[in-house]
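Structural overview for review
Read off the chains here:
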Amino acid sequence: MVSFSCVFLDIFVMMVAVVRSAKFEELYQPSWALDHLTTEGEILRMKLDNQSGTGFQSKSKYMFGKVTVQIKLVEGDSAGTVTAFYMSSEGPTHNEFDFEFLGNTTGEPYTVQTNVYVNGVGNREQRLNLWFDPSKDFHSYSILWNQRQVVFLVDETPVRVHSNLEHKGIPFPKDQPMGVYSSIWNADDWATQGGLVKTDWSHAPFVASYKGFEIDGCECPATVATAENTRRCSSSGAKRYWWDEPVMSELSLHQSHQLIWVRANHMVYDYCTDTARFPVAPVECQHHQHKTTRT
C-alpha cells in the first residue's frame, strides 16, 4: 500500500506520521507528451523543447495529508520556462495549491510563486527567491493539507500558510478530493520579468529532474461521493488521522519563526500588499496568520 486509504485503520497506526514513499509509476502516470519523460534509475526527467512541454499526474485523488517531491530545476538559462508542482480538484469551482518555479537568465535567482485557488477563485500569488540555487541539487517541496491549514514547505521549512478562516466568512478548501500534478512548459509571455525576457530555444531542451515521490494522505476512490469522502477522511471517535492531530493544526513556534524569516528575507511579492490590484486588502490579509500556541 502506498498511501493511507479512506478506511478505518488501527488507532496506533493513525497516530504515527509514517510517510509512505513509492516509485513514480506506483503513484503517478504521464499525462501528456509521453516522449518528453524519461527515467534513469530512481530519477524522472521531464523536458521542454520548442515542440512541447510535458507533465504527470497522480493515479488517485486525495483528501488531506501531505505530498512531497524532490526536484532539481532547469539549470543555466531557464528564462521563460515554468516548472510546476501542485494539487488540484476539477471543475469550474475547483480548489488548487500551486508551486510554480519561474525560470530566469543565467546567474539570476529562480522565483518561486505560490498560489491558492478556492472555489475557482485564485489571484492569491506570493513570490520568493530561495536561499539556495534550486538547479544545482535536489530539494524537497511539500504541501500539507488538513481542515485547519494548507502549508507550503521547502526542505521542511514553511514558506506559506493558508489558514482556515471560515469563522470570518472566508471559504476554505476542505470538501473536494485533489489530484497531484507536475508539468514543465513555456510561459515566456509572463514567467520571467513579467514577460520581458523570452525563452532562448538555443538552450533547449530544458530539463527538470524528479525523485523522492511521497504521498501520505487519504486516498479517495472516484466511485465514492464527495460528501462520503469528506466524512471518511476526517477523524472521528477512535479513528484518528495524523493530519487531524492538534500538533498539525498550526505551526510550531520554531516553524513560525522560520516562516517569519522567509517572509522577511526572501519574499519579493505578496498579493496582500499589492494595493494596485487590491485597493482594499482581502479579508484574509487582515488576519494575523502567524499566531502559534504550540512550542
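Remember, it's a predicted structure, so these values are computed and weren't measured experimentally. (Residues numbered from 1 in each chain as written. Predicted model: local features only at pLDDT ≥ 70, side-chain atom pairs only at ≥ 80, totals over all residues. Heavy atoms only, no water.)

**What to know about the UniProt feature "active site" (unreviewed entry) in the protein chain**
UniProt tags Glu96 and Glu100 as "active site" (unreviewed entry). Sequence-distant contacts of Glu96, defined by excluding residues within four places in its chain, comprise Tyr86, Met87, Ser88, Asn115, Val116, Tyr117 and Met178. In this structure the side chain of Glu96 is engaged in a polar contact, spanning 2.8 Å, whose partner is the side chain of His94. For Glu100, a relative accessible area of 13% translates into the label buried. In contact with Glu100, not counting residues within four places along its chain, are Val82, Thr83, Ala84, Thr111, Val112, Gln113, Trp185 and Trp190. (UniProt positions renumbered as here; feature names shortened; annotations may be inferred. Contact = heavy atoms within 4.5 Å. Polar contact = N/O pair within 3.5 Å; in protein donor to acceptor, adjacent residues only side chain to side chain. Buried < 20%, exposed > 50% of the residue type's maximum accessible area, 1.4 Å probe, protein only.)

**Digging into the pairing of strand β7 (residues 81-88)**
Counting buried positions along β7 gives seven out of eight residues, so the element sits mostly inside the fold. Across eight bridges, the pairing between β7 and strand β14 (residues 179-186) is antiparallel. For Phe85, the partnering residue across the bridge sits in β14 and is Ser182. (Helix = DSSP H or I, 4+ residues; strand = E, 2+ residues; numbered from the N terminus. Pairing = 2+ DSSP bridges.)

**Quick word on helix α4 (residues 253-266)**
A turn of α-helix holds 3.6 residues, and therefore any two residues three or four places apart point the same way. Its 14 residues give α4 an end-to-end C-alpha distance of 20 Å, which sits within 8% of 20 Å, the value for a rise of 1.5 Å per residue. Listing the buried residues of α4 in full gives Ser256, Gln258, Leu259, Val262 and His266. Buried residues of α4, seen end-on, are gathered within an arc of 160 degrees and therefore sit on one face of the element. For α4, the exposed residues set more than 90 degrees away from the buried face come down to His254 and Ala264. Looking at the packing, one finds that the buried side of α4 touches β10 (126-129), β13 (157-163) and β16 (267-270). (Expected span 1.5 Å × (residues − 1). Arc of directions from axis to C-beta.)

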